[in-house]
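Here is what each chain is made of, one letter per residue.
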Amino acid sequence: MTTSSIAGRSTAVAARATDLSKIYGQGETQVVALDRVSVDFAQAEFTAIMGPSGSGKSTLMHCVAGLDTFSSGSVRIGDTELGSLKDKQLTKLRRDKIGFIFQAFNLLPTLTALENITLPMDIAGRKPDKQWLDSVIEMIGLSGRLGHRPSQLSGGQQQRVAVARALASRPEIIFGDEPTGNLDSRSGAEVLGFLRNSVRELGQTVVMVTHDPVAAAYADRVVFLADGRIVDEVYGPTADAVLDRMKQFDTKGRTS
Ligand SMILES: Nc1ncnc2c1ncn2[C@@H]1O[C@H](COP(=O)(O)OP(=O)(O)O)[C@@H](O)[C@H]1O
Ligand SMILES: [Mg+2]
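Residues numbered from 1 in each chain as written. Chains lettered and ligands numbered in written order. Predicted model: local features only at pLDDT ≥ 70, side-chain atom pairs only at ≥ 80, totals over all residues. Heavy atoms only, no water.

Where an unreviewed UniProt entry is consulted, the chain appears under the name ABC transporter ATP-binding protein, with the organism given as Streptomyces similanensis.

What follows is the structure, encoded as structure tokens:
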């Protein structure tokens, strides 16, 4: 297992990017979306990725999650180097080791909440670990609504189903791109609390892109991107501390 040392603490690494670059286009129209980014995502840690629009947050997430190719550098999920995989192997790794939570919940309307939660495993022909599934369902607090269709659930409840679906197969790491972006603040808080509990109580690893300092404060750590580079990071963030950092980058941006 790959390990790294943070403040003297040795932790297993769920995902790691090393000198990761992503360049779109060529010549005059070339855009450097990621510029030699190196970052570790430790197991059982909740990381928020923040930065101005266009700073490379989604690109970083997509490259580390094996959803997009990169120009140079390397990415590993657990001990597997993504660059060494053929398409089929990459598809399998995404299916078996990675969970995704999208802004649009992507639930199937004709299936019940429970059927939606187990769908990816059903497709993969894998039996869910019953004990694990029960603890996930208990934690999302939807036991009374498992037979409901998405249309019978609130937005927050639907997104909790989507989070439970990502957790069901017990992936190595879960990625979310603005997973609470479409929710009102109360539903958003529910989903974020649930994500945080999955990290604290179940040891899940979560990486989430957000522009909201309040959402970022649910994470254990915030990584700040600007112009495709990591420019700062904060452990044990509060919303105020995050807002302060964001203001600093804004000022730098305007004066340079
Ligand atoms: N498919 C693409 N083709 C060309 N440029 C892209 C593409 N996707 C993203 N970009 C550019 O890469 C940079 C980073 O984009 P993105 O990762 O979406 O930023 P963020 O998620 O932080 O808003 C931006 O300058 C964006 O315009
Ligand atoms: Mg984005």
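Past the structure itself, the notes keep going.
Caption draft 1: Inspection of the overall build of the chain at higher detail. In terms of helices and strands, the chain carries eight helices and eleven strands. Its C-alpha radius of gyration of 18 Å places the chain within 12% of the 18 Å reference for a compact globule of 256 residues. For the C-alpha atoms alone, the extent of the chain along its principal axes is close to 55 × 45 × 40 Å. When the 256 residues of the chain are sorted by exposure, 48% land in the buried category. Taking all contacts inside the chain whose residues are at least 6 apart in sequence as the whole, residues at least 24 apart take part in 67%. With 29 positive and 29 negative side-chain charges, the chain shows a separation of 4 Å between the mean positions of the two kinds. (Helix = DSSP H or I, 4+ residues; strand = E, 2+ residues; numbered from the N terminus. Rg over C-alpha atoms; globule rule 2.2 N^0.38 Å. Buried < 20%, exposed > 50% of the residue type's maximum accessible area, 1.4 Å probe, protein only. Contact = heavy atoms within 4.5 Å. Lys, Arg positive; Asp, Glu negative; His and termini not counted. Charge placed at Lys NZ, Arg CZ, Asp CG, Glu CD.)

Caption draft 2: Seen up close, the nonpolar core. In this structure, Phe46, Ile117, Val161, Val163, Leu167, Val222 and Phe224 are the most contacted members of the largest nonpolar core, which totals 44 residues. The dominant element in this core, judged by the number of residues it contributes, is helix α5 (residues 155-168), at seven residues. Residues contacting Val222, with those up to four places away along its chain left out, are Ala48, Met50, Ala216, Asp232, Glu233, Val234, Pro237 and Val242. (Core = buried A, V, L, I, M, F, W, Y, C linked by side-chain atoms within 4.5 Å.)

Caption draft 3: Examining the sheet that holds strand β10 (residues 221-226) more closely. Spatially, β7-β8-β9-β4-β10-β11 is the arrangement adopted by the six strands of the open sheet, whose pairing is mixed. Edge positions in the open sheet fall to β7 (98-101) and β11 (229-235), since each of these has one partner strand only. Strand-to-strand, the axes of this sheet are offset by a mean angle of 20°, without reference to chain direction. Sheet analysis places strand β8 (residues 173-177) next to strand β9 (residues 206-209), joined by four bridges and oriented parallel. Pairing of Asp177 across the sheet is with Val209, part of β9. Running over the sheet, helix α1 (residues 57-64) touches β4 (46-50), β8, β9 and β10 and is turned about 150° from β8. Packing of helix α2 (residues 87-97) onto the sheet brings it into contact with β7 and β8, and relative to β7 it is tilted by some 70°. (Pairing = 2+ DSSP bridges. Axes fitted to C-alpha atoms, helices over the stretch in contact; angles between N-to-C directions.)

Caption draft 4: Up close: the site of ligand 1. As a structural note, the neighbourhood of ligand 1 is formed by Tyr24, Val31, Ala33, Pro52, Ser53, Gly54, Ser55, Gly56, Lys57, Ser58 and Thr59. For ligand 1, a nitrogen atom lies 3.5 Å from a polar atom in the side chain of Tyr24. Note that an oxygen atom of ligand 1 is positioned 3.0 Å from one of the backbone N or O atoms of Gly56. Protein burial of ligand 1: of its 560 Å² of free accessible surface, 58% is covered by the chains. Those elements giving two or more residues to the shell around ligand 1 turn out to be β3 (31-42) and α1. In terms of residue count, α1 provides more of the shell around ligand 1 than any other element does, three residues in total. Its residues assigned to classes, the shell around ligand 1 shows four nonpolar, six polar and one charged. (Near = heavy atom within 4 Å. Polar contact = N/O pair within 3.5 Å; in protein donor to acceptor, adjacent residues only side chain to side chain. Areas by Shrake-Rupley, 256 points an atom, 1.4 Å probe, with all protein chains shown as cover. Nonpolar A, V, L, I, M, F, W, Y, C, P; charged D, E, K, R; others polar.)

Caption draft 5: Quick peek at the packing of helix α4 (residues 130-140) against helix α6 (residues 185-202). At a minimum axis separation of 10 Å, α4 and α6 run at an interaxial angle of 140°. One finds that α4 runs oblique with respect to α6. Crossing angle aside, the handedness with which α4 passes α6 is right-handed. Facing α4, whose interface residues are Trp132, Ser135, Val136, Met139 and Ile140, α6 presents Phe194, Asn197, Ser198, Glu201 and Leu202. Each residue belonging to the contact of α4 with α6 can be placed in one class, and the counts come to six nonpolar, three polar and one charged. (Parallel < 35°, antiparallel > 145°, perpendicular 65-115°, else oblique. Left-handed = near helix turned anticlockwise from the far one by under 90°.)

Caption draft 6: Expanded view of the packing of α4 against α5. Running from N to C, α4 and α5 point in directions that differ by 160°, and their axes come no closer than 10 Å. In this view, α4 runs roughly antiparallel relative to α5, as classed from their interaxial angle. Crossing of α4 against α5: the hand is right-handed. Contacts between α4 and α5 involve Trp132, Leu133, Val136 and Ile140 on the former and, on the latter, Arg160, Ala164, Leu167 and Ala168.

Caption draft 7: Inspection of the pattern of salt bridges at higher detail. Counted by the stated rule, this structure contains twelve salt bridges. In this structure, Arg16 and Asp40 form a salt bridge, with 2.6 Å as the shortest nitrogen-oxygen distance. On the criterion of sequence distance, the pair formed by Arg16 in strand β2 (residues 9-24) and Asp40 in strand β3 is long-range, its members being 24 residues apart. Close ionic contact of Lys22 with Asp68 constitutes a salt bridge, the shortest N to O distance being 3.3 Å. Taken together, the residues Lys22 in strand β2 and Asp68 in the loop between α1 and β5 (72-77) connect sequence positions 46 residues apart. Its relative accessible area of 7% is what places Lys22 among the buried residues. You can call Asp68 partly exposed: its relative accessible area is 25%. (Salt bridge = Lys/Arg side-chain N within 4 Å of Asp/Glu carboxyl O.)

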